[in-house]
Amino acid sequence: MRHILTSVVFVVLLFPALALGEEVVEWDDLVVTNGLVYKKSTDVPFTGKVTGQEQGTFKNGKKEGPWVDYWSSGRLREKGDYKNGQKDGSWESYDPKGQLRSKETFENGEKEGPWVFYWDNGQLLDKGDYKNGKREGLWVYYYENGQLWKKGNLKNQKREGVWVYYFGNGQLESKGTYKDGKREGPWVGHHDNGQLEYKGTYKNGKRDGPWVSYHDDGTVVKFLTGTYKDGKKVK
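Residues numbered from 1 in each chain as written. Predicted model: local features only at pLDDT ≥ 70, side-chain atom pairs only at ≥ 80, totals over all residues. Heavy atoms only, no water.

Moving on: the overall build of the protein. Of regular secondary structure, the protein possesses two helices and 21 strands. Relative to the globule expectation of 18 Å for 235 residues, the C-alpha radius of gyration of the protein, 28 Å, shows a markedly less compact shape. Counting all 235 residues of the protein, 30% fall into the buried class. For the protein, the accessible area works out to roughly 14700 Å², and carbon and sulfur atoms hold 51% of it. Charge centroids of the protein, computed over 38 positive and 33 negative side chains, lie 7 Å from each other. (Helix = DSSP H or I, 4+ residues; strand = E, 2+ residues; numbered from the N terminus. Rg over C-alpha atoms; globule rule 2.2 N^0.38 Å. Buried < 20%, exposed > 50% of the residue type's maximum accessible area, 1.4 Å probe, protein only. Areas by Shrake-Rupley, 256 points an atom, 1.4 Å probe, with all protein chains shown as cover. Lys, Arg positive; Asp, Glu negative; His and termini not counted. Charge placed at Lys NZ, Arg CZ, Asp CG, Glu CD.)

So this is what it looks like as structure tokens:
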């Protein structure tokens, strides 16, 4: 009796899906028809587990619960949860070398909530939020060396409000305001040595009004300095 019980425990630990009565198949045993997964030669949407390069559970032909996906090398590619066939909740994805590529959040298959992306060397690339599948609110971007690159707000995935840009050495590059994705109002720009490069006003994404441009030694660039209208120098 003890030997039988030991064998049962071994099977439960090694093959939990079998112990629970769940069918376990490989991807080659399945077909997709009209968005649902079926076992070959059946007309009932598949419920059970699948093994192989992509592993997880199907319920009535749709992915459900935790899933993992691997590169052909065997390294982890991505992991997260499905709900009714759609990505839902927190996900992580990795590059072929095993480096974390992104941390993601989904709701009913659509990007929603905080996302973080990484450079190939593991440094933070950018971070912010998605709303209804589009970037929304404050987003911050970094150079590959970890230095702050730019930051500002997005509205319907277009730049909106104040944005600030930096050179790779940390010096301020430029600062100004966007409206519906176009530069609007006063802007100032700098050379990478900190000297002022330009200052002026934009209207609907084009230079408009008085503008002054400077060389990196602080002297005025005369042919770029003057009054602009609709992006063209008029005086």
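Structure shown, so let's carry the discussion forward.
A separate point is unusual backbone geometry. A negative phi angle characterises most non-glycine residues, just as the trans form characterises most peptide bonds. With phi around 55°, N108 is a residue other than glycine that occupies positive phi space. Tracing the chain through its elements places N108 in the loop between β9 (100–107) and β10 (110–111). Positive phi, close to 55°, is recorded for D230, a residue that is not glycine. With respect to the helices, strands and loops of the structure, D230 is situated in the loop between β20 (226–229) and β21 (232–233).

Summarising the element assignment, G35 is placed in the loop between β2 (30–33) and β3 (36–39). The class for G35 is exposed, based on a relative accessible area of 58%. As for G35 and L76, which are separated by 41 residues in sequence, their C-alpha atoms are 25 Å apart.

Further remarks concern the pattern of salt bridges. Applying the stated criterion across every chain yields a total of six salt bridges. A salt bridge links E78 to K87; the nearest nitrogen and oxygen atoms lie 3.2 Å apart. What makes E78 buried here is its relative accessible area of 18%. A salt bridge links K206 to D230; the shortest N-O distance between them is 3.6 Å. Here D230 lies in the loop between β20 and β21 and K206 lies in strand β19 (residues 206–213), a separation of 24 residues in the sequence. Note on K206: relative accessible area 40%, which makes it partly exposed. (Salt bridge = Lys/Arg side-chain N within 4 Å of Asp/Glu carboxyl O.)

Turning to the nonpolar core, a few remarks are in order. One finds L30, F58 and W139 to be the most contacted residues of the largest nonpolar core, which totals 24 residues. Within the residue set of this core, elements represented by two or more residues are β11 (113–118), β13 (134–142), β15 (158–166) and β18 (196–203). Every residue in contact with F58, bar those within four places of it in the chain, is listed here: W27, L30, V37, F46, T47, G48, V50, K63 and W67. Counting residues in hydrophobic clusters, the runner-up holds five residues, among them V140, Y142, V164 and Y166. (Core = buried A, V, L, I, M, F, W, Y, C linked by side-chain atoms within 4.5 Å. Contact = heavy atoms within 4.5 Å.)

Checked against the element boundaries, K229 lands in strand β20. Of the residues examined, K229 reaches a relative accessible area of 51% and is grouped as exposed. Note: C-alpha distance between K229 and R207 (22 residues apart in sequence) is 6.6 Å. In this view, K229 contacts R207, D208 and V234; residues no more than four positions away in its chain are not counted.

Shape is all these values report; function is a separate question.
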